[in-house]
Amino acid sequence: MEERILHLIRKKKQLMAPALAAALLFYFLLPLSLIFIPDVMTRPSFIYNISWAWFYAFLQIPMTWFFCWLYHTTAKKIERQIEASAKEESL
């Protein structure tokens, strides 16, 4: 049963690596795009005529909520599976 628990912990870590990479990439693309393509980022967007830089910056809020929700639900599911495995092991 210990192998099953270790497998679930590895599964949780496998979720975190791509999620962290995607979040960091999304976060750091804003300053990089302002450095390398400032003319595009200062143009008005189709939503309320705000610039693309502000639009992208505001998009980071729901992106953060999404990654928090994704981690929370997946971690909760894996924790339940770990607890179930631990209960089975103690029997």
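Refer to the preceding data block for the structure.
Worth saying up front: this structure is predicted, and the values here are computed from it rather than measured.

## Overview of the packing of aromatic side chains
In this structure the tally under the stated criterion is 8 aromatic pairs. Grouping aromatic residues by their ring pairs yields a cluster made of Phe46, Trp52 and Phe55.

## What to know about helix H3 (residues 52-90)
An ideal rise of 1.5 Å per residue puts 57 Å on 39 residues; H3 measures up with 56 Å between its terminal C-alpha atoms. Those residues of H3 lying buried are Ala53, Phe55, Tyr56, Gln60, Met63, Ala75, Ile78, Ile82 and Ser85. Among the structural elements, helix H1 (2-36) and helix H2 (38-41) are those in contact with the buried residues of H3.

## A short note on the environment of Ile78
Tracing the backbone through its elements, the reader meets Ile78 in helix H3. Here Ile78 falls in the buried class, since its relative accessible area comes to 1%. As a C-alpha pair, Ile78 and Ile5 span 73 residues in sequence and 9.4 Å in three-dimensional space. Apart from the residues within four sequence positions on either side, Ile78 is in contact with Leu8, Lys11 and Lys12.

Analysis parameters
Residues numbered from 1 in each chain as written. Predicted model: local features only at pLDDT ≥ 70, side-chain atom pairs only at ≥ 80, totals over all residues. Heavy atoms only, no water. Phe/Tyr/Trp six-rings, centres within 6.5 Å; stacked < 30°, edge-to-face > 60°. Helix = DSSP H or I, 4+ residues; strand = E, 2+ residues; numbered from the N terminus. Expected span 1.5 Å × (residues − 1). Buried < 20%, exposed > 50% of the residue type's maximum accessible area, 1.4 Å probe, protein only. Contact = heavy atoms within 4.5 Å.

From the geometry alone we can't say anything about function, so treat these as descriptive.
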